Amino acid sequence: MSKHRFLPDLETASPDQSRQWQAQQLVRLLRYVRRHSPYYQRVFRTQGLSIDAIRTLNDLTQLPVTTKTDLQLHNADFLCVPRSRIVDYVNTSGSLGSAVSVALTERDLKRLAYNEALSLACADGSRSDVYQLTTTLDKRFMAGMAYFMGIRKLGAGVIRTGSGLPGMQWDTIAQIQPTALIAVPSFVVTMLDYAEANGIDYAASSIRKIVCVGENLRTAGFGLNALGRRIQDRWPQVRLYSTYASTEMGAAFTECTHGQGGHHHPELLIIELLDANNQPVGPGEYGELTITTLGVEGMPLLRFKTGDICQLHTEPCACGRTTARISPIAGRKQQMLKVKGTTLFPQAIYDVLNELPAVENYQIEVHSNVLDLDEVTVNLGLREPSDWLVEQIRHRLTARLRVTPALKTYSPADVHQRLFTGYSRKPRIFVDHRSNLLV
Ligand SMILES: [Zn+2]
């Protein structure tokens, strides 16, 4: 018997036991999609695949991967149940390419609730907590609904304030005294700015923990990045927990109290890290997070490539869980830069620039040169530009990145204009001029 309702035995089992259990689930899943998924039926048929030969996790590499493009082009063919069994329709965020519709059955909603209860329990949550939920519950987003259901399953309380309106958030905190926030970290910064401008004593508030969604809090070494520090330095009374999730996998990787990466829940996903040739990367290497869903009824996925690059940490965690932990996402596969033989992600450049108060704003541009190598230019918005300052910035970038991008200086207003050209409401911080950017 497990010590805790939301710490299943599988999360403290030996890696071998876990893999054996997952292998049995994989066999069941393959039989299920062979019976019910028009998409995978077609893939198995056209590739002449006999799924009966697949019995262990090592056999996974015999299966083809599923890409976001597959999901976009053949969206309806992934559905394994009749329409009458579907309860909820959600959309992927569509940050790259067109959005994908994901349909969930009653059982899928229960799985989602279970996932979030496991994840919140992992992040020191319990039934005595009250969560203020500052993410959107509607607009076809999965996340807000998943948190709401997970908090209920955990037996904790929930206040659905939704997104934005920092004044209303603080009023609610004062009125109901929640113990935790679920929030996008940059919105927490907005809340702190609002509190300081309006004389709200947030240090004395009831909030003790923040589950941070959607943005990285940490660097690859698990220290807080500039965004994480902007919150923690001003508000040392709270503990920050990073979480990574996506609609397609219907599951989350959330940090425990030790903040050493998001914990994998082996009941819900089989995970692999793959290189550019869809082969598993070596221990400690960066690879594309690739997932196979377990327990999904509506739209199960085999070897789905998330496009997110990370590392895997497999040594047991001090919290007692033996499950793997994923590092902060280094970047999108499409954003990977090869600069003078070094692999680099825009996020690593952001992390450095965000630490420099003299840099008001910035934009990263990448071009292919005649040798088809990536050339990176950082457009810096500086209020008081000087050769000395640019040299300091160059030193900082070189020390951290091991390569030096080209630097160009502008006024912050000029960079702002570059960031918001066209119809996009989101700033274009990373502009990719490489010809091979086909998602
Ligand atoms: Zn842990």
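- An unreviewed UniProt entry annotates the protein as Phenylacetate--CoA ligase family protein of Spirosoma sordidisoli.

Things to note about the layout of surface pockets
Move 1: Within this model, the second largest pocket holds a volume of roughly 960 Å³.
Move 2: Along the wall of the second largest pocket there are 37 residues; nearest its centre are I309, M336, T343, L344 and F345.
Move 3: Listing elements by their share of the lining of the second largest pocket, those giving two or more residues are β11 (287-293), β17 (342-344), α9 (346-353) and α10 (387-401).
Move 4: If you tally residues by element for the lining of the second largest pocket, the top one is α9, at four residues.
Move 5: Two domains each put at least three residues into the lining of the second largest pocket: domain 1 (1-331) and domain 2 (336-432).

Here's the deal with the packing of aromatic side chains
Move 1: By the definition in use, this model includes ten aromatic pairs.
Move 2: Ring geometry for Y39 against F78: centres 4.1 Å apart, planes inclined by 20°, an arrangement best described as stacked. Of this pair, Y39 sits in helix α2 (residues 38-46) while F78 sits in the loop between α3 (68-73) and β1 (86-91), and the two are 39 residues apart along the sequence.
Move 3: Considering the side-chain rings of W170 and Y202, the 6.3 Å spacing of their centres and the 35° angle between planes classify their relative orientation as tilted. Of this pair, W170 sits in helix α6 (residues 166-176) while Y202 sits in the loop between α7 (185-197) and β6 (209-213), placing them 32 residues apart in sequence.
Move 4: Among the aromatic side chains, those forming a connected cluster through ring pairs are Y39, Y40, F44 and F78.

Digging into the domain arrangement of the protein
Move 1: Along its sequence, the protein is carved into domain 1 (1-331) and domain 2 (336-432).
Move 2: Centre-to-centre separation of domain 1 and domain 2, based on C-alpha positions: 30 Å.
Move 3: Listed by partner, the interface residues are eight residues for domain 1 and five residues for domain 2.
Move 4: Buried surface at the junction of domain 1 and domain 2, both sides included, amounts to about 580 Å², of which 63% is carbon and sulfur.
Move 5: For the domain 1 face of the interface with domain 2, the top three residues by lost area are A226, I309 and A330, together amounting to 50%.
Move 6: The interface formed by domain 1 and domain 2 includes one salt bridge.
Move 7: For E355, the salt bridge is made with R229, and the minimal N-O distance between the two is 3.4 Å.
Move 8: Connecting domain 1 to domain 2 are one residue pair in polar contact (both at pLDDT 80 or more).
Move 9: A per-class count over the side of domain 1 that touches domain 2 returns three nonpolar, four polar and one charged.

About the thresholds
- Residues numbered from 1 in each chain as written.
- Predicted model: local features only at pLDDT ≥ 70, side-chain atom pairs only at ≥ 80, totals over all residues.
- Heavy atoms only, no water.
- 1 Å grid on protein atoms, 1.4 Å probe; cavity = no way out; pocket = protein on both sides within 12 Å on 5 of 7 lines; lining within 4 Å.
- Points joined across faces, edges and corners; volume = space filled by probe spheres on them.
- Helix = DSSP H or I, 4+ residues; strand = E, 2+ residues; numbered from the N terminus.
- Domains from an automatic or database assignment.
- Phe/Tyr/Trp six-rings, centres within 6.5 Å; stacked < 30°, edge-to-face > 60°.
- Contact = heavy atoms within 4.5 Å.
- Buried area = accessible area lost by both parts, 1.4 Å probe.
- Salt bridge = Lys/Arg side-chain N within 4 Å of Asp/Glu carboxyl O.
- Polar contact = N/O pair within 3.5 Å; in protein donor to acceptor, adjacent residues only side chain to side chain.
- Nonpolar A, V, L, I, M, F, W, Y, C, P; charged D, E, K, R; others polar.

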